[in-house]
Amino acid sequence: MGMAGAFTGVADDVNAIYWNPAGLGVVEELEAMGMTTRLFGLKDLTYYLFGGVVPTKKIGAFGLSYSQFGCSEYRESQTIFSSGQSLGSDVYFGLNVKIMSIRIKGASANSEYGRASAFGLDVGALADIGSKFRLGVMATNLNGPRLGNCSENLAQRIMVGTSFRIISRCITSLDLHLPLSSIMVEPEVRAGGEVILSRNFTLRAGVGDDPTRFTGGFGLRWRIFKFDYAFLSHPFLNNQHQFSFSLRLGNQTIEN
């Protein structure tokens, strides 16, 4: 998010589960991460996320994540089973199977307005064009999932992203998010950049529209541990701070 979410054409770590599962095919390390933020700085809009990826030598990489958003009265959760693998010639394919649920409780401890769930399907592709350019695309909720008896599908969109590695320590990215349903009516444009100043310190910045937001952040790494911070502005609401902690457990893959 320090790069404004322009990550579809980057997708080179455990975060590929959410931005483009095809990127799991380029992951070579066991990774685990946890993230938290409060949307617009509001306590009742707390968001948690946990995920991990396990690469294998023969059948690609597999990811698993769980996220939760909301408070005791209103809560959304999502579990994602993800996989990504190489198709050869620096082309990768990925798939997400999602279980999404929502629960709304009443004002008293014994009342509940209802709950519902749905299954979603995402697909992604990634291609390295030369040594510096990467192109990615991801389509979300392709199966048109609906929560409970709701008459409308959950939001569907296509995300197209590119990244360009100017030098080995500097990368720029550009994303275009296109709506496939009436829930999302305007396309979004996001752009970001990352500069690795040293082996242990990285700076990030980005900008997005709808609404116009400026983002920034940094990453700190020490041995297998990594801490990331992102700042997101908003033209009307409070600013947002996002924190994540991850582990990279070395260049290890599962034989079978």
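So, how was this worked out
- Residues numbered from 1 in each chain as written.
- Predicted model: local features only at pLDDT ≥ 70, side-chain atom pairs only at ≥ 80, totals over all residues.
- Heavy atoms only, no water.
- 1 Å grid on protein atoms, 1.4 Å probe; cavity = no way out; pocket = protein on both sides within 12 Å on 5 of 7 lines; lining within 4 Å.
- Points joined across faces, edges and corners; volume = space filled by probe spheres on them.
- Helix = DSSP H or I, 4+ residues; strand = E, 2+ residues; numbered from the N terminus.
- Nonpolar A, V, L, I, M, F, W, Y, C, P; charged D, E, K, R; others polar.
- Buried < 20%, exposed > 50% of the residue type's maximum accessible area, 1.4 Å probe, protein only.
- Contact = heavy atoms within 4.5 Å.
- Polar contact = N/O pair within 3.5 Å; in protein donor to acceptor, adjacent residues only side chain to side chain.

Engineer: For this particular structure, what's the right way to read the layout of surface pockets?
Structural biologist: Any space left empty among the atoms is revealed by the rolling of a water-sized probe across them. Taken as a whole, the second largest pocket holds about 210 Å³ of empty space. Lining the second largest pocket are 16 residues; nearest its centre among them are Gly 25, Val 26, Val 27, Thr 56 and Ser 86. At three residues, the largest contribution of residues to the lining of the second largest pocket is made by strand E4 (residues 74-88). The residue makeup of the lining of the second largest pocket, split by class, is seven nonpolar, seven polar and two charged.

Engineer: Before we go on, may I ask you to explain the environment of Val 27 in this structure?
Structural biologist: Within the secondary structure, Val 27 is located in the loop between helix H1 (16-19) and strand E1 (31-38). A relative accessible area of 6% means that Val 27 is categorised as buried. With eleven residues separating them along the chain, Val 27 and Ala 16 place their C-alpha atoms 9.2 Å apart. The residues contacting Val 27, other than those within four sequence positions of it, are Asp 12, Asp 13, Val 53 and Pro 55.

Engineer: What is the right way to read unusual backbone geometry from this model?
Structural biologist: Only a minority of non-glycine residues have a phi that is not negative, and only a minority of peptide bonds are not trans. Here the amide bond leading from Asp 210 into Pro 211 is cis, since omega sits at -5 degrees, within 30 degrees of zero. Secondary-structure assignment places Pro 211 in the loop between strand E11 (201-208) and strand E12 (213-222). We note that Ala 4 has phi near 65 degrees; this positive angle belongs to a residue other than glycine. Backbone geometry places Ala 11, a non-glycine residue, at a positive phi of 40 degrees. Along the chain, Ala 11 falls in the segment before H1. The exposure class assigned to Ala 11 is buried, which follows from its relative accessible area of 0%.

Engineer: What exactly am I supposed to notice about the side chain of Ser 82 here?
Structural biologist: Residue placement: Ser 82 occurs in strand E4. On the basis of relative accessibility, which here comes to 5%, the residue Ser 82 falls in the buried class. Engagement of the side chain of Ser 82 in a polar contact is seen with the side chain of Asn 96, the distance being 2.6 Å. When neighbours within four sequence positions are excluded, Ser 82 is seen to be in contact with Ile 17, Pro 21, Leu 24, Ala 61, Phe 62, Gly 63, Leu 95 and Asn 96.

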